[in-house]
Amino acid sequence: MIVNKPPMGFNTWNTFGENINESVIKETADAMVDTGLLDAGYKYLVIDDCWSERERDSVTGKIIPDHIKFPNGMKSVSDYVHSKGLLFGMYSCAGTRTCADYPGSFDHEFLDAETFAEYGADFLKYDYCYRPAHHHGDLLYRRMGMALKACGRDILFSACNWGCDDVEKWIRSTGTHMYRSTGDINDSFPSMRDILFSQIDKLAYSAPGCFNDIDMLTIGMYGKGNVGSAGCNDTDYKTQFAVWCIYSAPLMLGGDIRTFSKETLALVTNKKLIRINQDEEARPAFITNSRIEKDCNGEMKYTVEKGGAKTFVKLLSDNEIAVLFANFDECERKAELYFEDAGIPFASGYGLVMENVFTGESLGVKKDYMSRSLAPHDCECYICKLAK
Ligand code: GLA
């Protein structure tokens, strides 16, 4: 199967952790359709860890669904998800046990891939806990990659080794379609900020066929759920979504869709941001403003490594350009765009016509230099065209 755009969907882990069951999945499936998320492109509903019994079936060797959480088995859940027009995702692990200590797929890869195909799975998240030390990750992901090719069903292969072991250098060769290039997110602005800064020099590895996955979104969680921390506010979530979009990262929602507010839904279905995310060229964004900036105490610094205000530029297909001004600091900051640094020298006579993706407002033609003053954690994002 060819995965040429960042996958979009929902994953149970951030909100539900081990508290998953048939009702939660069915209600989430209903909500994905009723709220318009499916229409916006969110089509995968993925069940993360903790879905199975603690041990495999002693006769068949198969992993078996927890009979209390999923009394009707997994095929019936999958059938329900499919009946809503969604695609169905499962979870396993390259090691002997999953991260929450359920059976992993080590040495059972082909049997498990067949089992997931029997369930009607369309997606497999594949974790990295309890990996036998004598097996390198590339071999383990390759094994499951082969098993999925043999299983008779198109199953999107989503690796999750947290960016360890120089994964970006070998993961594409194993057949995965997306791979976690960072550690686990929690529902806080610093967690999101650490993740995005850790990816700046890894963005070029993300491309059609296999995308860097910077973890499930925490948008709409407000501190509730399974991944800890105090939560974020709407400004933080706005910037999180804009960053995931300009990074061409998979958009896997992790908040409880059943309780999403109108504002949260409007953010995650913003058509222009999704267009930036899904752009078929999936070019890496670059940062333009490695200039002298003032820190929060008013002191001049040459670039702020992790923090400050940053300006990202991403070339889109159809000669469009996305620009994101974002403030990662705790005080008001100015994000700057030196057009020269984006490849548009003043002498060219060209500038950018800029349309704000949040407000629809057009800034007309801007040239040479511009800046946006941003409240703490806030951002502005534009889709632009070159113009004289
Ligand atoms: C790891 C993964 C998480 C989640 C948990 C489940 O920590 O990185 O995304 O799947 O395991 O136990």
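Residues numbered from 1 in each chain as written. Predicted model: local features only at pLDDT ≥ 70, side-chain atom pairs only at ≥ 80, totals over all residues. Heavy atoms only, no water.

(A) Representation of the domain arrangement of the chain within the structure. Under the domain assignment used here, the chain contains domain 1 (8-277) and domain 2 (286-387). Here domain 1 and domain 2 have C-alpha centroids that lie 32 Å from each other. At the junction of the two partners, domain 1 supplies 21 residues and domain 2 supplies 25 residues. Between domain 1 and domain 2, the buried area comes to about 2,000 Å², and carbon and sulfur atoms account for 70% of it. Interface area lost by domain 1 to domain 2 is led by Phe197, Ile246 and Ile276, which between them contribute 29%. Our count for the domain 1 to domain 2 interface comes out at 4 salt bridges. A salt bridge links arginine 193 to glutamate 330; the nearest nitrogen and oxygen atoms lie 3.3 Å apart. Per element, the largest residue contribution to the side of domain 1 that touches domain 2 is 8 residues, and it comes from helix α9 (residues 234-246). Counted by class, the side of domain 1 that touches domain 2 contains 12 nonpolar, 4 polar and 5 charged residues. (Domains from an automatic or database assignment. Contact = heavy atoms within 4.5 Å. Buried area = accessible area lost by both parts, 1.4 Å probe. Salt bridge = Lys/Arg side-chain N within 4 Å of Asp/Glu carboxyl O. Helix = DSSP H or I, 4+ residues; strand = E, 2+ residues; numbered from the N terminus. Nonpolar A, V, L, I, M, F, W, Y, C, P; charged D, E, K, R; others polar.)

(B) Main features of the pattern of salt bridges. If you walk through the whole model with that rule in mind, you get 25 salt bridges. Among the salt bridges present, the one from lysine 75 reaches aspartate 79, with a minimum N-O distance of 2.8 Å. Of this pair, lysine 75 and aspartate 79 both sit in helix α4 (residues 73-83), 4 residues apart, roughly one helical turn. For lysine 75, a relative accessible area of 40% corresponds to the partly exposed category. Across the salt bridge formed by aspartate 256 and arginine 258, the nearest N and O atoms sit 3.0 Å from each other. Accessibility expressed as a relative area gives 35% for arginine 258, which makes it partly exposed. (Buried < 20%, exposed > 50% of the residue type's maximum accessible area, 1.4 Å probe, protein only.)

(C) The arrangement of the environment of glycine 364 in detail. Residue placement: glycine 364 occurs in strand β16 (residues 362-366). Along the chain, glycine 364 and aspartate 166 lie 198 residues apart, while their C-alpha atoms are 44 Å from each other. Not counting the four nearest positions on each side in its chain, glycine 364 is found in contact with Leu352, Val353 and Met354.

(D) How the structure looks around the pairing of strand β18 (residues 379-387). Counting buried positions over the 9 residues of β18 gives 7, a clear majority of the element. Bridge count for strand β13 (residues 320-327) against β18 is 7 bridges, and the pairing is antiparallel. From the neighbouring strand, alanine 322 faces β18, where its bridge partner is isoleucine 383. With 6 bridges joining them, strand β15 (residues 351-356) and β18 adopt antiparallel strand pairing. Its bridge partner lying in β18, asparagine 356 is registered against tyrosine 382. (Pairing = 2+ DSSP bridges.)

(E) The arrangement of the pairing of β13 in detail. Counted residue by residue, β13 has 8 buried out of 8 residues, so it is predominantly covered. Side chains of β13 alternate between two faces, with Glu320, Ala322, Leu324 and Ala326 and Ile321, Val323, Phe325 and Asn327 buried alike. Looking at chain direction, strand β12 (residues 309-315) and β13 are connected through 7 bridges and run antiparallel. Counterpart to lysine 310 in the pairing with β13 is alanine 326. Where β12 folds back on β13, the antiparallel hairpin that results is connected by 4 residues, among which aspartate 318 adopts a positive phi of roughly 60°.

(F) Molecular detail of the packing of helix α8 (residues 189-198) against α9. Packing of α8 against α9 brings their axes to within 11 Å, and their N-to-C directions diverge by 20°. Considering the angle they form, α8 stands roughly parallel to α9. At the point where α8 passes α9, the crossing takes the left-handed sense. In contact with Phe189, Met192, Ile195 and Leu196 of α8, α9 contributes Asp236, Thr239, Gln240, Val243 and Trp244. For the contact of α8 with α9, the per-class residue count stands at 6 nonpolar, 2 polar and 1 charged. (Axes fitted to C-alpha atoms, helices over the stretch in contact; angles between N-to-C directions. Parallel < 35°, antiparallel > 145°, perpendicular 65-115°, else oblique. Left-handed = near helix turned anticlockwise from the far one by under 90°.)

(G) Region of the structure containing the state of the cysteines. Scanning the model with the defined rule gives 1 disulfide in all. The disulfide bridge from cysteine 99 ends at cysteine 129, spanning 2.1 Å between sulfur atoms. Measuring handedness by torsion sign, the sulfur bridge of cysteine 99 and cysteine 129 sits at about 100° and is right-handed. In this pair, cysteine 99 sits in the loop between β3 (87-93) and α5 (109-119) while cysteine 129 sits in the loop between β4 (123-127) and α6 (137-150), placing the two residues 30 residues apart along the sequence. Free of any disulfide, cysteine 151 has its nearest neighbouring cysteine sulfur in cysteine 210, separated by 18 Å. You can call cysteine 151 buried: its relative accessible area is 12%. Take cysteine 164: it sits in no disulfide, and the sulfur closest to it among the cysteines is that of cysteine 160, at 9.5 Å. (Disulfide = S-S within 2.5 Å.)

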